[in-house]
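Each chain is listed here by its residues.
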Amino acid sequence: MGASDIPDLTFTPIEEIQERVTRVQTTFLEHKTRDVEFRLVQLRKLYWAIKDHEQQIVEALRLDLNKPRFESEIGESSWLENDIVFISRHLYKWVKDESAPDIDLTFKFMSPKIRKDPLGCVLIIGAFNFPFQLTLGPVLGAIAAGNTVVIKPSENAPRSAAVMQKIVESALDPSCYTIIQGGIPETQALLAERWDKIFFTGGATVGRIIAKAAAPHLTPVVLELGGINPAIITKSANPRLVARRLLWGKLMNAGQICTSQNYLLVDKALVPAVVEEFKKAYNEFYPHGAKASADYARIINEGAFRRIKSMIDNSKGKILMGGTMDEKDLFIEPTVVQVDSPDDSLLIQESFGPLIPILPVENLEEAVNIANSIQSTPLGIYPFGSKADTEKILSMTRSGGVSVNDAALHIPTLPFGGVGESGYGAYRGRSSFDIFVHRRPITSSPGWLESLLAIRYPPYAGKLSKFKAGSTLVPDFDRTGQKVTLGWLRFVFTLGGGSAKAGAGRAVIVAAGE
């Protein structure tokens, strides 16, 4: 299959955007997507459309990113197909009403439950680096949750966006799901519309723009952003594992992956061995060099290339491995650089490329302090070393996720998302469904409860003391904050006031008795 099989990307006329959004908003209000079997049929059809376009997906990713077939299949088409099968197997279980937990006895008579309602019409804005996975992945959750969806792929991966449009339009009901193509003007037109949720994957700068645009309508937003992710290498780490695993994290998609480490903080004693192992691993992975290998991607465009190049040019560090570049080919070799300051240009911004800066540190505590000062809430942290060392690192840091003794690794069904500067909201697996539903509490008060509930009605004269006598929880702690044990007589006379299960329901029991 060649480039001729990939359709050209055509931007959606701006004057059509509002009408197309209105159409899917209207469909939601017609309750078409409420039916669970309808949702499943859409997902199943999408599965086969992805399957039928696997070759075009591979070719589009080759043209956009020179992405190797292996990475294209495991990280894009196969990932999405597995997601659909996983959701299909579990959706009927997920949509069931849940019994509300921790409910007191009397309130149980009101049959409290949690219903998972779809939010409405949602906008999903994808990213260029894994264009299919990071755009259609959240779409799967939105469909499963019963929403109508407007999909905006990244224009920076134009062939992938065009193939994605073919897939979506061949599989999904156009009254419920539509795809809008374009750049900044088209995205601005979309953001001017009213949404029930916006899901964005990309950089923090655009993330702030998305959040600001959503604010006037109080639209909830999921921001899946990048992060200046540290790998912390303690003196107890295995240098060979460090080098092989972290090099792999920077080789995938030529380092254009939000979960890969941005820099390494390495115990000084281990630095020579780690650098040597990086060289060995590089020669093993690419015997003829990365540029000659079919297994190494390219930078997405000239702008991204120049940004990464400027980070190297502005660094005061010393290149220890790699460093060759070819702007015409958008090639940047995996590059190990030893730096001597946390303020170096390679550490203070996200490279989103194949750069591996190493900053030697005296000890674990110094490493943690530096990591927290560079960015205290990265998307990922990668500690290497003994269990005691890694637990210590985890206890002193925050991040969206953690992979101990590994790089950029994420189990596909675990919740995935950032914290603080790296974003908010998590998806994947069950979380892809949960992020697109409202957990709606529902109670039903039977008529026969009326005599028990009468204490709440005016006139209130003489009722307050009775209500408080039965409803006040007796603390199981003293004024110093220490936990105390209630005696059994006190427990009986307070109707279990100190127990975790006690609640306001005791009030109606007392009232009924009087």
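As the structure is a computational prediction, the values presented were derived from the model and not from experiment.

Draft legend 1. Structural context of the domain arrangement of the protein. Here the domain parsing of the protein yields domain 1 (14-225 + 436-440), domain 2 (230-408) and domain 3 (474-504). Each side of the interface is counted separately: domain 1 has eleven residues, and domain 2 has 15 residues. Across the interface of domain 1 and domain 2, roughly 1,100 Å² is buried in total on both sides, 59% from carbon and sulfur atoms. On the domain 1 side of the contact with domain 2, Leu65, Asn66 and Glu71 bury the most area, a combined 34% of that side's loss. Our count for the contact surface shared by domain 1 and domain 2 stands at zero salt bridges. Across the domain 1-domain 2 interface, the total number found is five residue pairs in polar contact (both at pLDDT 80 or more). Looking at side-chain class alone, the side of domain 1 that touches domain 2 contains five nonpolar, three polar and three charged residues.

Draft legend 2. Geometry of the pattern of salt bridges. Scanning the model with the defined rule gives 29 salt bridges in all. Across the pair Arg23 and Glu19 runs a salt bridge whose closest N-O atoms are separated by 3.8 Å. Highlighted residues: Arg23 and Glu19, both in helix H1 (residues 14-29), separated by four residues, approximately one helical turn. You can call Glu19 partly exposed: its relative accessible area is 46%. Where Asp329 meets Arg298, a salt bridge forms, and the shortest distance between an N and an O atom there is 2.9 Å.

Draft legend 3. Region of the structure containing a nonpolar patch on the surface. A cluster of nonpolar residues, Leu105, Phe109 and Trp448, forms a patch on the protein surface that exposes about 350 Å² of accessible area. On the accessibility criterion, Trp448 (54% relative accessible area) is exposed.

Draft legend 4. Examining the side chain of Thr187 more closely. Here Thr187 shows up in helix H8 (residues 184-191). Those residues in contact with Thr187, other than ones at most four positions away along the chain, are Ile125 and Lys152.

Draft legend 5. Fine view of the UniProt feature "active site" (unreviewed entry) in the protein. Under the feature "active site" (unreviewed entry), the UniProt entry names Glu224 and Cys258. These annotated residues cover 35 residues of sequence, and their C-alpha atoms lie no more than 9.3 Å from one another, placing them together at a single site. Within the secondary structure, Glu224 sits in strand S7 (residues 221-224). For Glu224, a relative accessible area of 4% corresponds to the buried category. Once you skip the residues sitting within four places of it in the chain, Glu224 turns out to touch Phe199, Phe200, Thr201, Gly202, Phe416, Gly417, Gly418, Ser422, Gly425, Ala426 and Tyr427. Here Cys258 is to be found in the loop between helix H10 (239-251) and strand S9 (263-267).

Draft legend 6. Local environment of the confidence of the model for the protein. On average, residues of the protein score 93 in pLDDT, and 94% of them reach the 70 mark or higher. Here residues 497-514 scores under 50 on pLDDT; set against residues more than four positions off or in separate chains, the count is 42 contacts.

Conventions adopted
Residues numbered from 1 in each chain as written. Predicted model: local features only at pLDDT ≥ 70, side-chain atom pairs only at ≥ 80, totals over all residues. Heavy atoms only, no water. Domains from an automatic or database assignment. Contact = heavy atoms within 4.5 Å. Buried area = accessible area lost by both parts, 1.4 Å probe. Salt bridge = Lys/Arg side-chain N within 4 Å of Asp/Glu carboxyl O. Polar contact = N/O pair within 3.5 Å; in protein donor to acceptor, adjacent residues only side chain to side chain. Nonpolar A, V, L, I, M, F, W, Y, C, P; charged D, E, K, R; others polar. Helix = DSSP H or I, 4+ residues; strand = E, 2+ residues; numbered from the N terminus. Buried < 20%, exposed > 50% of the residue type's maximum accessible area, 1.4 Å probe, protein only. Patch = residues over 30% accessible without salt bridge, like charges linked within 9 Å, V, L, I, M, F, W, Y side chains within 5 Å. Areas by Shrake-Rupley, 256 points an atom, 1.4 Å probe, with all protein chains shown as cover. UniProt positions renumbered as here; feature names shortened; annotations may be inferred. pLDDT = per-residue confidence, 0-100.

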